[in-house]
Amino acid sequence: MIVDDSLTVRAVLSRIIAPEGDMTIVGKTGSAENALAALAIAPADVVLLDLEMPGMGGLHALPKILAAHAGTQVLVVSSLTEVGAEHTLAALSMGAADTMLKPRSGEFDQHYRTALLQRIRALGRRNWTGAAAVPPIAPPLRARNKRGGPLEVIGIGASTGGIHALCMLLRNLPRYVEAPILVTQHLPETFMQVFAGQLELASGREAVVVDGATPVESGRIHIAPGDGHLLLRRDGGVLLAGTAAFKAPSGCMPSVDTMFESMADVAEGAALGVVLSGMGRDGLIGAERLVRAGGNIIAQDEASSSVWGMPRAVVQAGLASAVLPPEKIALRIALHAGEAAWR
């Protein structure tokens with residue numbers, strides 16, 4: 001379903017989607033009120049939602065859209081500007097799975113078409129029943145690596161659907177867990193300061209976007225910028241987070257792989273990695289190195305993930321010591337922190 005008050009945008013999105021044999025447009029509407037009425041009659045696997053509309057608006061309608069049908073995924077169609085970042089990130093934290101650039105005159109091309117269809121398919125695949133007759137296979141779990149000292153650093157990587165999961169995890173993370181947290185979330189650079197504020201509200205912890213050599217401090221969240229990878233290093237006895245811009249194997253900027261690899265090199269068995277909802281396989285290479293160094297990996301489970309791509313990769317590789325929903329991942333992190341976190 002396409003929900004946007006611009007007739008032009010609805011027409012452009014329709015022209016992209018309509019020819020696809022595996023997709024059907026069940027509705028097109030210019031208001032959130034009409035969308036809710038239509039969803040009650042014809043549920044949609046994916047809703048393309050504008051946020052700025054007359055009447056109720058997309059942001060206020062979002063919880064009702066998600067509640068209308070258990071399997072519905074929402075792709076926010078946003079201008080992706082700094083001005084719109086607050087509303088877009090609010091929608092993502094409330095349960096929208098992803099955000100996509102709103103098509104504008106002269107900026108809609110084959111690359112845009114490919115990216116849009118890829119995201120719709122990834123989100124809609126959650127409801128695909130073509131392989132329903134095949135019973136799910138329990139994922140192989142790796143025995144938890146035992147480290148010699150306290151948990152020194154936690155790294156969390158996420159992409160599509162990851163902001164909602166990350167906020168849930170941080171809300172449930174016990175305050176006594178003071179190990180510093182590193183976060184790599186696939187987001188545009190213009191969103192990062194608003195994202196940091198959002199994580200502060202969810203966690204009750206200070207959150208900073210890494211810029212240059214940033215001291216890694218206990219009880220604080222350190223976020224990769226949108227235009228560079230987050231890299232951990234040690235200067236004497238002090239942990240520092242820096243940034244670098246180079247092509248990662250996953251093609252992502254920032255990349256979860258590079259963050260995990262630097263954690264493995266610096267903290268070895270005192271590092272814990274978490275892989276949340278996201279498309280693709282970013283994080284797999286770094287998770288392998290982290291586990292080899294003696295660290296541990298926890299993955300989000302399929303049922304709670306908008307897109308079980310990144311978590312699936314580490315689970316199927318046998319790298320995860322636990323596969324859980326975000327709120328239970330928070331409690332498992334506390335378990336890894338051990339008795340030292342209480343002191």
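Up top you'll find the structure we're talking about.
A brief report on the enclosed structure follows. Residue indices follow the written sequence of each chain, beginning from 1 at its first position. In keeping with the model being predicted, local features are shown solely for residues with a pLDDT of at least 70 and side-chain atom pairs are shown and tallied solely at 80 or more, while totals for entire chains, interfaces and linings include all residues. Excluding hydrogens and water, the side-chain figures rest on all heavy atoms present in the structure.

**A short note on unusual backbone geometry**
Applicable threshold: Numbering of helices and strands runs from the N terminus, with a helix taken as a DSSP run of H or I at least four residues long and a strand as a DSSP run of E at least two residues long. Between buried and exposed lies partly exposed: a residue is buried under 20% and exposed over 50% of the maximum accessible area for its type, with that area taken using a 1.4 Å probe on protein chains only.
In the segment running from Met253 into Pro254, the intervening peptide bond is cis, with an omega of 0°. The residue Glu268 is not glycine, and still its phi comes out positive at about 50°. The topology assignment puts Glu268 in the loop between α8 (256-267) and β13 (271-275). Look at Glu268 and you get partly exposed, because its relative accessible area is 47%.

**Structural notes on the environment of Ala248**
By the secondary structure assignment, Ala248 is in the loop between β12 (238-244) and α8. For Ala248, a relative accessible area of 3% corresponds to the buried category. In this structure, the C-alpha to C-alpha distance between Ala248 and Val275, residues 27 residues apart in sequence, is 17 Å.

**Describing the sheet that holds strand β4 (residues 73-78)**
The criterion, for reference: Pairing between two strands is assigned when DSSP locates at least 2 bridges connecting them.
Strand order in the open sheet formed by 5 strands is β2-β1-β3-β4-β5, with parallel pairing between adjacent strands. With one partner strand each, in any of the chains shown, β2 (28-29) and β5 (98-101) form the two edges of the open sheet. In this structure, strand β1 (residues 2-3) lies alongside β2, joined through 2 bridges in parallel fashion. Its bridge partner being in β2, Val3 is matched across the sheet by Thr29.

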